[in-house]
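Geometric and topological summary
The primary structure of each chain is shown beneath.
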Amino acid sequence: MDARLVKKTDFDRVFANNQRARTDYVVVMARPNQVGYPRLGMVIAKRLLARAVDRNRVKRCVRESFRQAFPELPACDFVVRLIAKPVPGEEARDLSRTFKRAGLRAMAKWPTAPAGEAAPEFSSN
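This is a predicted model, so every value here is computed, not measured.

On to the packing of helix α2 (residues 52–69) against helix α3 (residues 95–109), then. For the pair α2 and α3, the least separation of the axes is 9 Å and the interaxial angle reads 60°. In terms of orientation, α2 lies oblique with respect to α3. For the element pair α2 and α3, the recorded crossing hand is right-handed. Note on element contacts: α3 touches α2 through L95, S96, F99 and K100, opposite V62, S65, F66 and A69. For the contact of α2 with α3, the residue count by class is 5 nonpolar, 2 polar and 1 charged.

Here it is, written out as structure tokens:
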């Protein structure tokens, strides 16, 4: 089981229509999926964190927060977008709660996703 969003189409689907929750540094966007477990994608802009070591630190913190919250999360695709330069050590503050909040909002908006919606997404390429 790979809990990562990697395809452009998966990201585009979340960007097009989502439910959001935010902290001081990130916006978490969520959209229900058909795979049955939560998946994570990240957008960490170079313009906010010029040094790769800083971007990688933020990604590690986001992945760890997601891993800890994973059992409690609904089957949604989550995309985390960095919106402000975080204070070192504060990157993941309140992040697992934010994942849960975004996931619950998404599940409330789309209680049952249309059956045909995910069919093209899982082709055998």
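Here we take up the nonpolar core. In terms of nonpolar packing, the biggest core is built from 24 residues, with V28, F78, L82 and F99 touching the most fellow members. The set of elements that each furnish at least two residues to this core consists of β2 (26–32), α2, β4 (76–82) and α3. Leave out the neighbours within four places in its chain, and F99 touches V28, L40, V62, S65, F66, L73, F78 and V80. Judged by nonpolar contacts, the second largest core, of 6 residues, contains L5, V14, V27 and V79.

For the rest of this paragraph, the subject is the side chain of T98. Looking at the secondary structure, you find T98 in helix α3. The class of T98 is buried, set by a relative accessible area of 1%. Setting aside anything within four residues of it in sequence, one finds T98 in contact with A21, R22, T23 and V28.

We now examine α2. Compared with the 26 Å implied by 1.5 Å per residue over 18 residues, the 26 Å span of α2 between its first and last C-alpha is a close match. Along α2, the residues that are buried comprise D54, R55, V58, V62, S65, F66 and A69. An end-on view of α2 places all buried positions within 110° of arc, on one side of the element. Those residues of α2 that are exposed and angled more than 90 degrees off the buried face are V53, R67 and Q68. Looking at the buried residues of α2, the elements they touch are β3 (39–43), β4 and α3.

About the thresholds
- Residues numbered from 1 in each chain as written.
- Predicted model: local features only at pLDDT ≥ 70, side-chain atom pairs only at ≥ 80, totals over all residues.
- Heavy atoms only, no water.
- Axes fitted to C-alpha atoms, helices over the stretch in contact; angles between N-to-C directions.
- Helix = DSSP H or I, 4+ residues; strand = E, 2+ residues; numbered from the N terminus.
- Parallel < 35°, antiparallel > 145°, perpendicular 65-115°, else oblique.
- Left-handed = near helix turned anticlockwise from the far one by under 90°.
- Contact = heavy atoms within 4.5 Å.
- Nonpolar A, V, L, I, M, F, W, Y, C, P; charged D, E, K, R; others polar.
- Core = buried A, V, L, I, M, F, W, Y, C linked by side-chain atoms within 4.5 Å.
- Buried < 20%, exposed > 50% of the residue type's maximum accessible area, 1.4 Å probe, protein only.
- Expected span 1.5 Å × (residues − 1).
- Arc of directions from axis to C-beta.

Treat this as a map of the structure, not an account of what it does.
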